[in-house]
Amino acid sequence: MHFSVGDKARIVDGPLEGSEIRIVEMDGGSATSFLKLLGREVKVKIETELLSLVLLPVC
């Protein structure tokens, strides 16, 4: 699956499964985002194979 900066994605595997992120940077097969954990914004780098694109509804 192809991801781009600005895409909204859902983590589909691992301890953060179900969390939604907004991609802020791409680096090969990894996406960088900020995830709110324990009340703080934490920068995370996630392999794209662990992500699923969140499609916005069409009105």
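Draft legend 1. Fine view of the pairing of strand β4 (residues 30-37). Inspection of the sheet shows strand β3 (residues 25-27) paired to β4 by three bridges, in the antiparallel sense. Bridged to glutamate 25 within β4 is threonine 32. Between the antiparallel neighbours β3 and β4 lie two residues, among them glycine 28 with a positive phi of about 65 degrees. Where β4 lies against strand β5 (residues 40-47), eight bridges are found, and the strand directions are antiparallel.

Draft legend 2. Quick peek at the side chain of threonine 48. Following the sequence through the fold, threonine 48 ends up in the loop between β5 and β6 (51-53). Relative accessible area serves as the criterion here: at 18%, threonine 48 is assigned to the buried category.

Draft legend 3. Quick peek at the sheet that holds β6. Here we have three strands laid out as an open sheet, ordered β2-β1-β6, and antiparallel in their pairing. For this open sheet the edge positions go to β2 (20-22) and β6, each flanked by a neighbour on one side alone. Averaged over all pairs of adjacent strands, the angle between strand axes in this sheet comes to 35 degrees, irrespective of strand direction. As paired strands, strand β1 (residues 8-11) and β2 are joined by three bridges and run antiparallel to one another. By the bridge assignment, alanine 9 is partnered in β2 with isoleucine 21.

Draft legend 4. Molecular detail of the nonpolar core. If you look at the biggest cluster of nonpolar residues, it comprises ten residues: Phe3, Ala9, Ile11, Ile21, Ile23, Ala31, Leu35, Val44, Ile46 and Leu51. Where this core is concerned, the elements lending two or more residues are β1, β4 and β5. Apart from the residues within four sequence positions on either side, valine 44 is in contact with Ala31, Thr32, Ser33 and Leu35.

Criteria and cut-off values
- Along each chain, residue indices are assigned from 1 in the same order as the chain's sequence is written.
- The predicted nature of this model means local features are confined to residues of pLDDT at least 70 and side-chain atom pairs, given and counted, to a pLDDT of 80 or more, with totals for whole chains, interfaces and linings taken over all residues.
- Excluded from the side-chain calculations are hydrogens and water; all other atoms, namely the structure's heavy atoms, are used.
- Pairing between two strands requires that DSSP report at least two bridges joining them.
- The helix and strand labels rest on DSSP assignments: H or I over at least four residues marks a helix, E over at least two residues marks a strand, and numbering proceeds from the N terminus.
- Exposure classes here rest on a 1.4 Å probe applied to the protein chains alone. A residue is buried below 20% of its type maximum, exposed above 50%, and partly exposed in between.
- Only C-alpha atoms enter the line fits that serve as axes; for helices the fit covers just the stretch in contact. Angles between N-to-C directions range over 0 to 180 degrees.
- By nonpolar core we mean a set of buried residues, namely Ala, Val, Leu, Ile, Met, Phe, Trp, Tyr and Cys, connected to one another through side-chain atoms within 4.5 Å.
- Pairs of residues are marked as contacts when any of their non-hydrogen atoms sit within 4.5 Å.

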